[in-house]
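Listed below are the residues making up each chain.
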Amino acid sequence: MTYRLTKIYTRTGDEGYTSLRGERISKDDLLIEALGTVDELNANIGVILSQVIVHKEIVELLRRIQNELFDFGGELHLPERKAITAQHIKHLEEQLDQWNETLPPLKDFLLPNGTRASVATHVARTVCRRAERCLVRLHRQVALENIELLRYLNRLSDLLFVISRILARENGQEEIIWQHLTS
């Protein structure tokens, strides 16, 4: 199915409503918020990719994830078109396990830091968690037809955490452990 965006603005949303699934709904609807947050996550992954990353596997996986996030949004828009499956989650888990084995085990929380790429990955991770919270709220309001959407975001945020550690480590950045400061 090919669509061309020949006209970018339509003026139909100027009063705070948009068309979705053949209906006019408020732009502050939870579904629109979830769609927008997934879009924001995708843009943040683009920020990561705009950095100099020598780890070819990370670049390839992030590009794949960007495409999957478009599919994810498409499924939110049209739930009858299942796009995210258990196989997507399995792929994230396999990559997560493989890369996490290369890192020193953690005993404490880390402060987000490092290179621009690793910090951008931390930002994407937090946006992913927000997208997950939006989807949970939406699921409480209207049950999702595909619970794999929630699982996908949960695994993706974990994977982004591991990627941030890898990117910092590969650039010689020391991990900074959170220290509880008492008053």
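Structure: above.
A brief report on the enclosed structure follows. Along each chain, the written sequence defines residue order, and numbers are assigned to residues from 1. Local features are withheld for residues below a pLDDT of 70 in this predicted model, meaning they are given only at 70 or higher, and side-chain atom pairs are given and counted only at 80 or more; totals for whole chains, interfaces and linings count all residues. Each side-chain value is worked out from all heavy atoms of the structure, with water and hydrogens disregarded.

### Comments concerning the overall build of the protein
Formally: Strands are runs of DSSP state E lasting at least two residues, helices are runs of H or I lasting at least four, and both sets are numbered from the N terminus onward. Classification of residues uses two cut-offs on accessible area relative to the type maximum, computed with a 1.4 Å probe and protein chains only: under 20% is buried, over 50% is exposed, and between them is partly exposed. Residue burial considers only the protein chains on display, and all accessible areas are found by Shrake-Rupley using a 1.4 Å probe.
Scanning the protein for helices and strands turns up 5 helices and 2 strands. Each helix (α) and strand (β) of the protein, taken in turn from the N terminus, gives the series β-β-α-α-α-α-α. Each of the 183 residues in the protein was classed as buried or not, and the buried ones make up 40%. For the protein, the exposed surface amounts to about 11600 Å²; the carbon and sulfur share of it is 50%.

### Details of the packing of helix 2 (residues 56–77) against helix 5 (residues 148–170)
Quick reminder of the rule: Axis definition: a line fit to C-alpha positions, over the contact stretch in the case of helices; interaxial angles, taken between N-to-C directions, run 0 to 180 degrees. Any angle between 65 and 115 degrees counts as roughly perpendicular, while under 35 counts as roughly parallel, over 145 as roughly antiparallel, and the rest as oblique. Left-handed is the label given to a crossing in which the near helix is rotated counterclockwise from the far helix by less than a right angle, and right-handed is the label when the rotation is clockwise. In this description, contact between two residues means that some pair of their heavy atoms is separated by no more than 4.5 Å. Only Asp, Glu, Lys and Arg are considered charged, only Ala, Val, Leu, Ile, Met, Phe, Trp, Tyr, Cys and Pro nonpolar, and every remaining residue, Gly among them, polar.
Taken N-terminus to C-terminus, the directions of helix 2 and helix 5 make an angle of 160°; their axes are 12 Å apart at the nearest point. With respect to helix 5, the axis of helix 2 lies roughly antiparallel. The crossing of helix 2 and helix 5 is left-handed. Counted together, Ile58, Leu61, Leu62, Ile65, Glu68, Leu69, Phe72, Glu75 and Leu76 of helix 2 and Leu149, Tyr152, Leu153, Leu156, Leu159, Leu160, Ile163, Ile166 and Leu167 of helix 5 form the full contact between these two elements. In the contact of helix 2 with helix 5, the residues fall into 16 nonpolar, no polar and 2 charged.

### Describing a nonpolar patch on the surface
Defined as follows: Residues enter patches when their relative accessible area tops 30% and they take part in no salt bridge; the joining distance is 9 Å for like charges and 5 Å for the nonpolar side chains Val, Leu, Ile, Met, Phe, Trp and Tyr. The term salt bridge refers to a side-chain nitrogen of Lys or Arg lying within 4 Å of a carboxyl oxygen of Asp or Glu.
A cluster of nonpolar side chains, Phe109, Leu111, Ile176 and Trp178, forms an exposed patch at the surface whose accessible area comes to about 420 Å². Tracing the sequence through the fold places tryptophan 178 in the segment after helix 5.

### Details of the environment of isoleucine 163
Along the polypeptide, isoleucine 163 turns up in helix 5. Note on isoleucine 163: relative accessible area 0%, which makes it buried. Distance from isoleucine 163 to alanine 117, taken between C-alpha atoms, is 9.5 Å for residues 46 residues apart in sequence. Not counting residues up to four positions away in its chain, the partners in contact with isoleucine 163 are Ile58, Leu62, Trp99 and Thr121.

### Thoughts on the side chain of glutamate 68
If you trace the backbone, glutamate 68 turns up in helix 2. Taking the relative accessible area as the measure of exposure, glutamate 68 reaches 6% and is therefore buried. Among residues more than four places away in sequence, those in contact with glutamate 68 are Ile84, His88 and Tyr152.

### Examining the packing of helix 1 (residues 30–49) against helix 4 (residues 116–141)
Packing of helix 1 against helix 4 leaves a shortest axis separation of 9 Å and a crossing angle of 165°. On the basis of their axis angle, the class for helix 1 and helix 4 is roughly antiparallel. Our pair here, helix 1 against helix 4, has a crossing hand that is left-handed. Residues belonging to the contact of helix 1 with helix 4 are distributed by class as follows: 18 nonpolar, 4 polar and 4 charged.

### Side note on the nonpolar core
Put simply, the test is: We call a set of buried residues a nonpolar core when its members are Ala, Val, Leu, Ile, Met, Phe, Trp, Tyr or Cys and they connect through side-chain atoms within 4.5 Å of each other.
Formed by 46 residues in total, the largest nonpolar core has its most connected members in Leu41, Ile65, Leu76, Leu135, Tyr152 and Leu156. Elements that contribute at least two residues to this core include exactly helix 1, helix 2, helix 3 (86–100), helix 4 and helix 5. Here this core takes 11 residues from helix 5, the largest share from any one element. Excluding residues that lie within four positions of it along the chain, tyrosine 152 makes contacts with Ile65, Glu68, Leu69, Phe72, Ile84, His88, Ile89 and Leu92.

### Observations concerning helix 1
Quick reminder of the rule: By definition here, a helix of n residues has an expected span of 1.5 Å times n minus one. Within 3.5 Å is the distance limit for a polar contact, defined as a pair of N or O atoms, with the added protein rule that one can donate a hydrogen and the other accept it, and that residues adjacent in sequence qualify only through two side-chain atoms.
With 20 residues, helix 1 extends 29 Å from end C-alpha to end C-alpha; this agrees with the ideal 28 Å at 1.5 Å per step. Of the residues making up helix 1, those classed as buried are Leu31, Ile32, Ala34, Leu35, Thr37, Val38, Leu41, Asn42, Asn44, Ile45, Ile48 and Leu49. Near the N-terminus of helix 1, the side chain that reaches the backbone nitrogen of leucine 31, with its oxygen 2.8 Å away, is that of aspartate 29.

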